[in-house]
Amino acid sequence: MGMLRAIFSHPSGRIGGTIVLIYVVVAVLGLFDLTPHNPLQQYRIDRLHAPSIVYWMGTDLFGRDVASRLMKGVGQSFLVGVSAVALATIAGTILGLTAAWFGRLWDGLVMRIMDVLLAFPAILLALLIIAIAGPGTWTSVAAIAIVYTPIFTRVVRGPALSIKSREFVDAARTFGSSKSYILTRHLLLNLVAPLTVQVTLALAWSLLTEAGLSFLGLGTQPPASSLGLMLADSRNLMETAPWLLIFPAIAIMISILGFNLLGDALRDILDPKTRSRTA
Amino acid sequence: MTSLLSVSNLRVGFGHDPAKNEIVKGVSFDLAAGETMAIVGESGSGKSVTALSINRLVDFGGGKIIGGSIKLTRVDGSVLDITEAKEPVLEKIRGSEIGMIFQEPMTSLNPVLSIGTQIEESFRLHRGLTGRQATAAAKDALDRVRIPDATRRLNYAPNQLSGGMLQRVMIATALACNPRLLIADEPTTALDVTVQAQIMALLGELKRETGMAMIFITHDIGLVAGIADQIMVMQAGQAVEQGALSEVLDRPQHPYTQHLLSAVPHFESGRAARADFSRKEKETPALDVDGLVVRFKVKGSMFSRAQGSVHAVENVGFDLMPGETLAIVGESGSGKSTTARAILGLVKPTRGRFATHKGSITDATDPATQMVFQNPYASLNPRLRIDSILAEPVIAAGGRVTNETREKMKALLKRVGLPEDSLERYPHQFSGGQRQRLCIARALMLNPSVVVLDEAVSALDVSVQAKVLELLVDLQKEYGLAYLFVSHDMAVVERIAHRIAVLYAGQIVEIGNAASVLSNPQHSYTKRLISAVPSIDRRNQHFEIDTRQVPSLVRPPGFEPPEAQWREFGPDHRARAEA
Amino acid sequence: MSYLARRLLTFPLVMLGVSILVFFAIRMIPGDAITAMLGTEAGLLTPAQRESLAAYFGIDQPILIQYWKWLIGVFQGNLGISVIHGKPVLSIILERFPLTLQLALMSMVVALAVGLPAGVFAATRNEKASDLIVRVLAMIGQSTPNFVVGLLIIYALSAGFGILPTMGEFTPFLTDPLRNLGQMILPAITLGFAFAASVTRISRSAMLDVLSDDYVRTARSKGVPKRSVIWRHALPNALIPVVTLSGVEFGYLLGGAVLVEQIYALPGLGRLVLEAILQRDYALVQGCVLFIAFNFLVVNLLVDLLYVTLDPRIRLGEGG
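**Concerning the interface of chain C and chain A**
Facing the 43 residues of chain C at the interface are 39 residues of chain A. For the pairing of chain C and chain A, the buried interface totals around 3700 Å² over both sides, and the portion due to carbon and sulfur atoms is 82%. On inspection of chain C and its partner chain A, the count reaches one salt bridge. For D264 of chain A, the salt bridge goes to R201 of chain C, with nearest N and O atoms at 3.0 Å. Our count for the chain C to chain A interface comes out at three residue pairs in polar contact (both at pLDDT 80 or more).

**What to know about helix α4 (residues 104-118) of chain A**
Helix length check: α4 of chain A, at 15 residues, gives a terminal C-alpha distance of 21 Å against a target of 21 Å (1.5 Å per residue), a fit within 8%. The complete set of buried residues in α4 of chain A reads D107, V110, M111, M114, D115, V116 and L117 of chain A. Against the buried residues of α4 of chain A lie α3 (66-102), α5 (122-133) and α6 (137-164) of chain A together with α1 (3-27) of chain C.

**As for the pattern of salt bridges**
Residues and elements named next belong to chain A. In total, this model carries 44 salt bridges over all chains according to the counting rule given. A salt bridge links K72 to D33; its shortest N-O distance comes to 2.8 Å. Remark: D33 occurs in the loop between α2 (11-31) and α3 and K72 occurs in helix α3; sequence separation between them is 39 residues. Here K72 falls in the partly exposed class, since its relative accessible area comes to 24%. The partner of D115 in a salt bridge is R154, with the nearest N and O atoms 2.9 Å apart.

**Structural notes on the sheet that holds strand β13 (residues 325-329) of chain B**
Residue and element names in this part refer to chain B. With mixed pairing, eight strands are arranged side by side in an open sheet as β16-β17-β18-β13-β19-β20-β23-β22. Here the strands that pair on one side only, and so sit at the sheet edges, are β16 (369-372) and β22 (566-568). Direction aside, the axes of adjacent strands within the sheet are offset by 20° on average. Across five bridges, the pairing between β13 and strand β18 (residues 482-487) is parallel. In the strand pairing of β18, L326 is matched with L484. In the packing of helix α19 (residues 524-532) onto the sheet, the strands contacted are β13, β19 (499-504) and β20 (507-513), and the crossing angle to β19 comes to about 105°.

**Re the side chain of S53 of chain B**
All names here are of chain B. Secondary-structure assignment places S53 in helix α1 (residues 47-54). Using a relative accessible area of 0% as the deciding quantity, one classes S53 as buried. Ignoring sequence-local partners within four residues, the contact set of S53 consists of L10, V12, V58, I65, I70 and I82.

**Concerning the domain arrangement of chain C**
All names here are of chain C. Its domain assignment divides chain C into domain 1 (2-75) and domain 2 (96-316). Domain 1 puts 18 residues into the contact, and the matching count from domain 2 is 16 residues. Between domain 1 and domain 2 lies a buried interface of about 1700 Å² when both sides are counted; carbon and sulfur atoms form 79% of it. Applying the counting rule to domain 1 against domain 2 returns zero residue pairs in polar contact (both at pLDDT 80 or more). Listing elements by their share of the side of domain 1 that touches domain 2, those giving two or more residues are α1, α2 (33-38) and α4 (63-75). By residue number, the principal contributor to the side of domain 1 that touches domain 2 is α1, which donates 12 residues.

**Digging into the packing of aromatic side chains**
Taken as a whole, this structure holds 13 aromatic pairs over all chains when the rule is applied. The interplanar angle of 40° and the centroid separation of 5.1 Å between the aromatic rings of F23 of chain C and W70 of chain C together place this pair among those described as tilted. Taken together, the residues span a long stretch of sequence, with F23 of chain C in helix α1 and W70 of chain C in helix α4 at a distance of 47 residues. Taken together, a centroid distance of 6.0 Å and an interplanar angle of 35° make the contact between Y67 of chain C and W70 of chain C tilted. Of this pair, Y67 of chain C and W70 of chain C both sit in helix α4, three residues apart, which is roughly one turn of that helix. Like Y67 of chain C, the residue W70 of chain C is buried in the burial classification. In this structure an aromatic cluster arises from ring pairing among F23, F24, Y67 and W70 of chain C. The positively charged end of K164 of chain A is found above the aromatic ring belonging to W101 of chain A, 5.8 Å away from the centroid. In this structure, R574 of chain B packs its charged tip against the face of W566 of chain B, placed 4.5 Å from the ring centre.

**What to know about the interface of chain C and chain B**
Taken together, the contact pairs 26 residues of chain C with 30 residues of chain B. Interface area for chain C against chain B, summed over the two sides, is near 2500 Å², with a carbon-plus-sulfur share of 59%. Among the residues chain C hides against chain B, the three largest losses belong to R220, S221 and K222 of chain C. Together they make up 26% of the total. Counting the contacts that link chain C with chain B gives two salt bridges. Measuring nitrogen to oxygen at the nearest pair gives 3.1 Å for the salt bridge that ties K222 of chain C to E121 of chain B. Between chain C and chain B we count 12 residue pairs in polar contact (both at pLDDT 80 or more) in total. Listed by contribution, the elements that provide at least two residues to the side of chain C that touches chain B are α1, α9 (214-221), α10 (226-263) and α13 (312-315) of chain C. For the side of chain C that touches chain B, the element with the most residues is α10 of chain C, which contributes seven residues.

**So, the sheet that holds strand β5 (residues 79-81) of chain B**
All names here are of chain B. Taken in spatial order, the four strands of this open sheet run β2-β1-β4-β5, and their pairing is antiparallel. The sheet is open, and its two borders are formed by β2 (22-32) and β5, each paired with just one other strand. On average, each strand axis in the sheet is inclined to that of its neighbour by 5°, with strand direction left out of account. Sheet topology places strand β1 (residues 3-14) next to strand β4 (residues 63-73); eight bridges connect them, and they run antiparallel. Directly across from V7, in β4, lies its bridge partner I70.

**Some remarks on the packing of helix α10 (residues 243-270) of chain A against helix α6 (residues 129-142) of chain C**
Their axes nearest at 8 Å, the elements α10 of chain A and α6 of chain C cross at an angle of 120°. Judged by the inter-axis angle, α10 of chain A sits oblique to α6 of chain C. Crossing angle aside, the handedness with which α10 of chain A passes α6 of chain C is right-handed. The residues of α6 of chain C that touch α10 of chain A, namely those facing M253, L257, N260, L261 and D264 of chain A, are M139, I140 and Q142 of chain C. Looking at the contact of α10 of chain A with α6 of chain C, its residues break down into five nonpolar, two polar and one charged.

**Focus: the pairing of β1 of chain B**
Within a regular strand, the side chains alternate between the two sheet faces. Both β1 of chain B and β2 of chain B contribute to a ladder of eight bridges, which runs antiparallel. The residue bridging S3 of chain B from the neighbouring strand is A32 of chain B, located in β2 of chain B.

**Digging into the packing of α6 of chain A against helix α8 (residues 179-215) of chain A**
All names here are of chain A. It is at 9 Å that the axes of α6 and α8 come closest, and there the two elements cross at 155°. It follows from the interaxial angle that α6 and α8 lie roughly antiparallel. Both α6 and α8 take part in a crossing whose hand is right-handed. Of the residues belonging to the contact of α6 with α8, the class tally is 19 nonpolar, six polar and two charged.

**Quick word on the environment of I82 of chain B**
Residue and element names in this part refer to chain B. Inspection of the secondary structure assignment puts I82 in the loop between β5 and α2 (87-93). I82 gets classed as buried once you look at its relative accessible area, which sits at 0%. Considering only alpha carbons, one finds I82 and G131, 49 residues apart in sequence, at a separation of 33 Å. The residues touching I82, leaving out its near neighbours within four places in the chain, are S53, I54, R56, I70, L72, L90 and I98.

**Comments concerning the confidence of the model for chain C**
For chain C, per-residue confidence averages 84 on the pLDDT scale, and residues scoring 70 or more make up 88% of the total. Across the predicted assembly, pTM comes out at 0.84 and ipTM at 0.86.

**Observations concerning the side chain of T144 of chain C**
Counting through the fold element by element, T144 of chain C comes out in the loop between α6 and α7 (146-161). At a separation of 2.7 Å, a polar atom in the side chain of T144 of chain C contacts the main-chain carbonyl oxygen of I140 of chain C. Setting aside anything within four residues of it in sequence, one finds T144 of chain C in contact with M253 of chain A together with V149, F193 and A194 of chain C.

Rules and cut-offs
Throughout this document, residue positions are counted from 1 along each chain, in the order its sequence is written. All chains are assigned letters beginning with A, and all ligands numbers beginning with 1, in the order in which they are written. Per-residue local features are limited, in this predicted model, to residues with pLDDT of at least 70; the limit for side-chain atom pairs, both in listing and counting, is 80 or more; totals at the level of whole chains, interfaces and linings are taken over all residues. Each side-chain value is worked out from all heavy atoms of the structure, with water and hydrogens disregarded. Contacts are residue-level and defined by heavy atoms, with any inter-residue pair within 4.5 Å sufficient. Accessible area, probed at 1.4 Å, shrinks when two parts are joined; the buried area is that loss added up over both. One speaks of a salt bridge when a side-chain nitrogen belonging to Lys or Arg is within 4 Å of a carboxyl oxygen belonging to Asp or Glu. The definition of a polar contact used here is a pair of N or O atoms within 3.5 Å, where within protein one atom must be able to donate a hydrogen and the other to accept one, and adjacent residues in sequence count solely through side-chain atom pairs. The numbering of helices and of strands both runs from the N terminus, where a helix is a DSSP run of H or I of at least 4 residues and a strand a run of E of at least 2. Here the expected length of a helix is defined as 1.5 Å per residue gap, with one fewer gap than residues. Each residue gets one of three labels from its accessible area relative to the maximum for its type: buried under 20%, exposed over 50%, partly exposed in between, using a 1.4 Å probe on protein chains only. Paired strands, as defined in this entry, are two strands with at least two bridges between them according to DSSP. An axis is simply a line fitted to the C-alpha atoms; with a helix, the fit covers only the stretch in contact. Between two such axes, the angle follows the N-to-C directions and lies from 0 to 180 degrees. All domain edges in this entry derive from an automatic or database-based domain assignment. Aromatic pairs are defined between Phe, Tyr and Trp rings, using the six-membered ring for Trp, whenever the two ring centres lie within 6.5 Å; interplanar angles under 30 degrees are classed as stacked, those over 60 as edge-to-face, and all others as tilted. Should the NZ of a Lys or the CZ of an Arg lie within 6 Å of a ring centre and within 35 degrees of the ring normal, that charge is described as sitting over the ring. Oblique is the label for any angle not covered by the other classes, which are roughly parallel (under 35 degrees), roughly antiparallel (over 145) and roughly perpendicular (65 to 115). Helix crossings are classified by the rotation of the near helix relative to the far one: an anticlockwise turn of less than a right angle makes the crossing left-handed, while a clockwise turn makes it right-handed. Three residue categories are used. Nonpolar comprises Ala, Val, Leu, Ile, Met, Phe, Trp, Tyr, Cys and Pro, charged comprises Asp, Glu, Lys and Arg, and polar comprises the others, including Gly. Per residue, pLDDT captures the predictor's confidence, and it can take any value from 0 to 100.

Structure (structure tokens):
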């Protein structure tokens, strides 16, 4: 496919794309419990075992295999990230598109509500939502989705407004094209590019937030594993068992880096400004 | 006469491998002190790159001089090869010995610095002036380019001035240190034609006053007649013809120069107007517009009511017969595009009545009226294939895309001169001229009787313009189309219009037969407009400097303009009587 | 309407929206309002006590009246009483806020001091090796969550030098400035790390955009020396997106303080919010969230004022 080839011929796209591919594979393996060990199994004799052939990334205080828990945790945060971003994308696209199209009162109402949501620092809004609904995986999904909806709304509304004033939309109006035709064929089709970029970057951000929330003990609850929880558990043991800190930390950094790099590459590839420069 | 600048075999390339991507391929010329040379060419000819090489600004745009020499005789009489000069030396030369002005005055001045600061900078850098002295020098510089009220304007930010004023500021900046050479890169292309005439007049006067030499770059061969001593015509990186002004204009040798002079639209004061149509008695017009008024409310501030409205279009009326072209001409802000958009229902008219031969237009989306827009790059959805683009009017009219529709698409593509396989391609695979052909094909999908062409050829290169105009004329004869041709370009209008309506400040000031209006304009604005149009016939013409401004179109609430008084000047030619 | 007037008008509107959201969000907590206010202790109350408490707090009245009374209270500086601390919410917040503000400001200084020069430097070395190194570092910086940075710093110090930066009681700046700065510098670096990376990226790309603008070419055509082109002509224009970013990022700093204060055991506002949530001290949660949102909005308003002084196009209204 042309898109894949474009991504893999872009320097940061190649690195980002590879990381994201590996990440997805690890996440799927983790979600389907295809891990080297049972992540909940406590190998009592091997507590705080250093990394070895049996335990690739060592074991934790309870003798659980860190590698397996890490895979499970990656799966968990992937699930949270993808669900949250999917919800935010759908909500943001509908709100942004209708705000741009109908303008006036509806636009004013939607954008003021988004302003109110944006008045809270992101983590704080997520915390508020969790304070109300109680900590947990699905609360994290809802919290991240609500935090990200105003950003998607803005990302869609801005370009939608500018496309709306482009001459091909004027042309469509002179033909008498229906509203649904203009909204889908002219606006939405041209929004695919900025949305793709934003979705990728939003995934990076949602991984970050999910990890932060579970680090604070407000996301995924034990005994289920998540990268943030693993890091929180490593805090008092980092001198005796640094692998508890290092592996999850690297996993978080690399996965966020992957999505960021991919997002940057997509922006370069899909941005008509840079494309016309190379054409 | 010693030459000020001597360029020989200049070659300039771009990108990682400049030798492979050569834009200027061996250009040579000599320029004497006080002499003006025009470089004429279309986009991609290498004319701007040649100019930017002379002060080595080309380095900053990713270009590299890969061969040849540029010898500049400096003030002290020494000769310097610019191609080998180091950056600190170049910095001394730029601004003090070589000044430059650019195409877009709106973006060429720093938006966050005041105009005064930007002019003073030249004096600080090259004359060592500071403080009050620099400010006084900047004021004198503004006076010199005839900007009224210079002291106050020094504190203005660039966005507070019009394009024409900004270009004057640019000229003031470039000439601050009396450079012996001014490079003007399409300095009037972004400006209205009457403003262009002002800038040309100013450049002419300053040239006489200071005795500077000038390199004037333009795509408009008609414009050079008024200012140049010699001409160089460029095509695809090479100088295809160079010589003295009259020599090149009167006895062009190279086919490309001949083409530019003959095929490209030049203004000929009505002599080139079309005479292939005459109105029949008692025919129903294809389009009848009566008393069209478009006003936009000026939003008041938070604490006050609306302050009135912009009277964009004021009581405009005309009729258009099948097979006829009516051109609506005017400058920016004249209301010509708003008129077109109102007829197509893109702008809601405040008052007025339109009728096609089918009857009064109640719904804005009448398939009998179609439109072609100015910007061929923005008027096709980049994400749709050509077959979807051409199908859109059919779908919008409630039809379905059948084999018959596809046949029609193919036939129309062939008719506008595009290959059949275009249907499976995307807009970005076409050039500007081809895209405009696609837009024309799309407009014809529903067999309209009226096509509104809003600056339809303005964004195209001059030689492409000529071909598209030819196509439009052919299509008009073939299908009996009525054209409403909106344009600012008098040369283009002369080639396509049967009748002309001149719009000024939202009102028609003169309307009538094209030949008659162009050869014998009656209203003072029409006269001004037509005398401002550059022409190869008017060599070294002296323009009058005139700082009149377009009147404000904002009127208090409830304002109604007085009834227009018309004077007849022939069977089909009338002009508004002036107060 | 001028940009500033519109901005000043929307501020109270958005603040009103924020207050509505915060008030009703807390009311949406499952269980009745007494539980919401008193937390777990409410389980011990008898029905009679509940009723008298309901009357005392005014929650037997219609919800809109409750909101109105609450809002009037907020205007008088009454954010309610914290059940856990047994003190007025506002006084607890004001006690904790200086630390968080200092942390946020210090991280901002760190981020701008590192990011701006790095971004400008990279832009002027476009596509050269030094540009690439800056870009890779910025990308990694932007991809590292601040709590991971914090943990890694603590680990490096304790494993490498045997130092525990979290040790010791927090000292306010006015008590002992040096000791205070010593305690705050690592948290500030931790919090400013990702921000520095974003500043680098934004200032680099803004600078690159600006350097290809027409007026920069004009400046060069006047013979303006390279250094002056960059600092005098390009930078003021490139600063505009950096200033915007700083306003938005200030919110992230206030939010990120929750994690950083937690890691370094600093008694700031962020940690207060977290404790309040974990202890179900809803009046305190409500007060903190409202207070932080208010500060964020004020900062953004100030940033917009700065923006206006930087860019005359906004000050004077684009195109009249």
